[in-house]
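Residues per chain are reported as follows:
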Amino acid sequence: QVQLVESGGGLVQPGGSLRLSCAASGSIFSIDAMGWYRQAPGKQRELVAVISSGGSTNYADSVKGRFTISRDNAKNTVYLQMNSLKPEDTAVYYCHARRTLKYHYWGQGTQVTVSL
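These numbers were taken from a predicted model, which means no experiment stands behind them. (Residues numbered from 1 in each chain as written. Predicted model: local features only at pLDDT ≥ 70, side-chain atom pairs only at ≥ 80, totals over all residues. Heavy atoms only, no water.)

Asks: Can you break down the side chain of Ser30 residue by residue, with the values?
Replies: Assignment of secondary structure puts Ser30 in the loop between β3 (18–26) and β4 (31–39). Here Ser30 falls in the buried class, since its relative accessible area comes to 15%. If we ignore the near neighbours within four places in the chain, the residues touching Ser30 are Arg98, Arg99 and Thr100. (Helix = DSSP H or I, 4+ residues; strand = E, 2+ residues; numbered from the N terminus. Buried < 20%, exposed > 50% of the residue type's maximum accessible area, 1.4 Å probe, protein only. Contact = heavy atoms within 4.5 Å.)

Asks: Can you break down the environment of Ser25 residue by residue, with the values?
Replies: Within the fold, Ser25 resides in strand β3. Contacts of Ser25, omitting those with residues within four sequence positions, involve Gln1, Val2 and Gln3.

Asks: Residue-level account of the environment of Gly54, with values.
Replies: Along the polypeptide, Gly54 turns up in the loop between β5 (46–52) and β6 (57–59). With a relative accessible area of 67%, Gly54 lands in the exposed category. Taking the C-alpha atoms as reference, Gly54 lies 8.6 Å from Ala33; in sequence the two are 21 residues apart.

Asks: Lay out the nonpolar core with the relevant residues and their values.
Replies: In terms of nonpolar packing, the biggest core is built from 30 residues, with Leu4, Met34, Trp36, Leu80, Met82 and Tyr93 touching the most fellow members. With sequence-adjacent residues up to four places away left out, Leu80 is seen in contact with Leu18, Arg19, Leu20, Trp36, Val48, Ala49, Phe67, Thr68, Ile69 and Tyr93. (Core = buried A, V, L, I, M, F, W, Y, C linked by side-chain atoms within 4.5 Å.)

Given below as structure tokens:
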């Protein structure tokens, strides 16, 4: 089992920045990828960014150039730095981990609201 705990959400004005954190615990030795998804009201959950165990990253087109995913292996933590935030980035952001290519784990979600 893998437990994921997110933090860092909140309310920010358009153009502002936030950093989300996701701390992993449990059977983390076999995690092969971690990432962030988001779900806005009335919409499907979508991939925002993912980082593999080898450090490769991938981003949704809508966040490229604005968001950066990174990780601290010593702290078993993944981060999502979000800059130049837009109202359309408003959503619940979920941390995700995949273990041994087939097991999926989710955090509880953290709300990000971009508004004046």
